[in-house]
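Notes for the structure review
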Amino acid sequence: MMVNTGTAVFCADIGGSFIKFGLSRQQGEVTELAKLPTPAESWDEFVLALQTLLSNHGASLAADTPLAISTAGLVSPQSGEVMATNIPAFAGHNLAAELTQILKRKVSVANDADCFALAEAHVGEGQGLPIVIGVILGTGVGGGIVINGQLVRGHGGVAGEWGHGAITRTELLVEGQRVTLPRLLCGCGQTGCLDMYGGARGMERLHLEFHQLSHSSHQIISGWQDGNTQCALTLEAWLQLVSEPLALLVNIIGPSKIVVGGGLATVAPLIAALDQRLRTQTLHKYSQPLLVPGKYVNQGGLVGASVLGRQR
Ligand SMILES: [Zn+2]
C-alpha cells in the first residue's frame, strides 16, 4: 500500500449538528481549527461553509491541499451519494466528485464509523494488524472493517453493519429467568434489529421493558456495578444480545482485533465483560482480549480522515 505521510491534509468531521475542521501534517495527527454548526438543510450553504474554512486556514498551504471528510450517513461507492437522514442537504449529490470540482482539490469521503475503524487500524489499538473491525456502541450500533490497511467499503457503502438484520429471538434465558423481548421496528425498516437493543438507547429500552423503569444507560451500568439485581438482569440480557451477533461477525471476518468506539466504549468494565462473553462464542478461541476500547473514541472522525486523505 502506498501511503503518503509527508504532506498536509485538511480533515472534516461532519455530523448532523456540527462540522469539526482540522489540519493534519502527518497521518494520525490532527490539529482542530474550527467547529461550526452544520448547514444541514442547504447544499449551497454547506459548500460555502467548506470554502470559507479552506480559505480562512489555507493561506500558508498549497492551493490543492486535499480535503478528507468523515461524515454521518452511508456513502455509496457506486453513486458517491451520501444517505444521511440528519443532513438532507446531501440528498442527490455525489459528495466527493462534486466537492473535488468545486473546491479544486482532491476530496475523499467515508462514513464516520469507517473513519473510526481506519484510525484504529492505522494509528490506534489495531495498528499493524491485518484485519481490524471497528464497532460503534453509541446511541445505536454501527461498524466498519479494515483489511490490510484498506477500508472495506462494501456494495452500496454497507459493510460491517452488524446492528441490522432481524434478531429472531423473542425471549432470553437470563440467570434462570425467562424474559420476553419486545419486537421493535428499526429505522432501517426491519423489525427486531440489534440496533434497537444494543446501544445505549437499546439498553434503556430493555430496562424499561423488563422493570418498567426509565433509567439512563449510565444509571443502569452503575447499578450493575453496585450489584443491583434489576440492573444486573438488564445488563446480562444486553450482553447476550450484543455478543451473539458479534460472535457471528467474528466467525465470518476473522478479525485480529475489534476496537470499540461510541459512548459505551468509555465504560471499561462493560467492554471487558462483553469481550469475555464474546470469546466464549467464537469458533477460534482467542487467548487475549479481542474486543478493546478504542484509542480514538472521541476523535475517530478527524483522525480517520487524516488516514483516508492519504490513501490511494
Ligand atoms: Zn435495522
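Cut-offs and rules
Residues numbered from 1 in each chain as written. Predicted model: local features only at pLDDT ≥ 70, side-chain atom pairs only at ≥ 80, totals over all residues. Heavy atoms only, no water. UniProt positions renumbered as here; feature names shortened; annotations may be inferred. Axes fitted to C-alpha atoms, helices over the stretch in contact; angles between N-to-C directions. Helix = DSSP H or I, 4+ residues; strand = E, 2+ residues; numbered from the N terminus. Parallel < 35°, antiparallel > 145°, perpendicular 65-115°, else oblique. Contact = heavy atoms within 4.5 Å. Nonpolar A, V, L, I, M, F, W, Y, C, P; charged D, E, K, R; others polar. Domains from an automatic or database assignment. Buried area = accessible area lost by both parts, 1.4 Å probe. Salt bridge = Lys/Arg side-chain N within 4 Å of Asp/Glu carboxyl O. Polar contact = N/O pair within 3.5 Å; in protein donor to acceptor, adjacent residues only side chain to side chain. Buried < 20%, exposed > 50% of the residue type's maximum accessible area, 1.4 Å probe, protein only. Core = buried A, V, L, I, M, F, W, Y, C linked by side-chain atoms within 4.5 Å. Pairing = 2+ DSSP bridges.

Where an unreviewed UniProt entry is consulted, the protein appears under the name N-acetyl-D-glucosamine kinase, with the organism given as Rouxiella silvae. Of the protein, the UniProt comment under Pathway (unreviewed entry) reads exactly: "Cell wall biogenesis; peptidoglycan recycling."

Our next topic: the packing of helix α6 (residues 217-225) against helix α7 (residues 229-253). Viewed as axis vectors pointing N to C, α6 and α7 meet at an angle of 110 degrees, and their least axial separation amounts to 8 Å. Here α6 is positioned roughly perpendicular relative to α7, judged by the angle of their axes. Note on element contacts: α7 touches α6 through C231, A232, T234 and L235, opposite Q219, I220, I221, G223 and W224. Of the residues contributing to the contact of α6 with α7, the split by class is six nonpolar, three polar and no charged.

With that settled, the discussion passes to the domain arrangement of the protein. Annotation of the protein at the domain level lists domain 1 (9-111 + 299-308) and domain 2 (125-293). Centre-to-centre, using C-alpha coordinates, domain 1 lies 29 Å away from domain 2. Summed over both sides, the interface between domain 1 and domain 2 buries roughly 570 Å², with carbon and sulfur atoms accounting for 54% of that surface. On the domain 1 side of the interface with domain 2, the three residues burying the most area are L74, P77 and Q78, jointly 57% of the side's total. For the pair domain 1 and domain 2, the number of links is zero salt bridges. Counting the contacts that link domain 1 with domain 2 gives three residue pairs in polar contact (both at pLDDT 80 or more).

Counted according to the given criterion, the structure contains four salt bridges. A salt bridge links R178 to E171; the shortest N-O distance between them is 2.8 Å. Overall, R178 belongs to the exposed group, its relative accessible area being 58%. Assessed through its relative accessible area of 35%, E171 is described here as partly exposed. For D275, the salt bridge goes to R279, with nearest N and O atoms at 3.0 Å. Pair noted here: D275 and R279 are both in helix α8 (residues 268-279), with a separation of four residues, about one helical turn.

The subject of this paragraph is the nonpolar core. In terms of nonpolar packing, the biggest core is built from 47 residues, with L137, W162, W238, L246, I258 and L291 touching the most fellow members. Top contributing element to this core by residue count: α7, with 12 residues. If we skip the residues at most four places from it in the chain, L291 touches V135, L246, I258, V260, I271, L274, D275 and L278. In terms of nonpolar packing, the next biggest core, distinct from the first, is built from 30 residues, A8, W43, V47 and I69 among them.

With that out of the way, let us pick up the sheet that holds strand β14 (residues 291-293). Across the sheet, five strands lie side by side as β10-β9-β8-β13-β14; this open sheet has mixed pairing. If you trace the sheet from one side to the other, it starts and ends with β10 (150-151) and β14, each paired once. Direction of pairing for strand β8 (residues 131-137) relative to strand β13 (residues 257-261): parallel, over a ladder of five bridges. Of the residues in β13, the one forming a bridge with G134 is V259. In this fold helix α3 (residues 112-123) packs onto β8, β9 (141-147), β10 and β13, with an angle of close to 45 degrees to the strand it touches most, β9. In the packing of α8 onto the sheet, the strands contacted are β8, β13 and β14, and the crossing angle to β14 comes to about 170 degrees.

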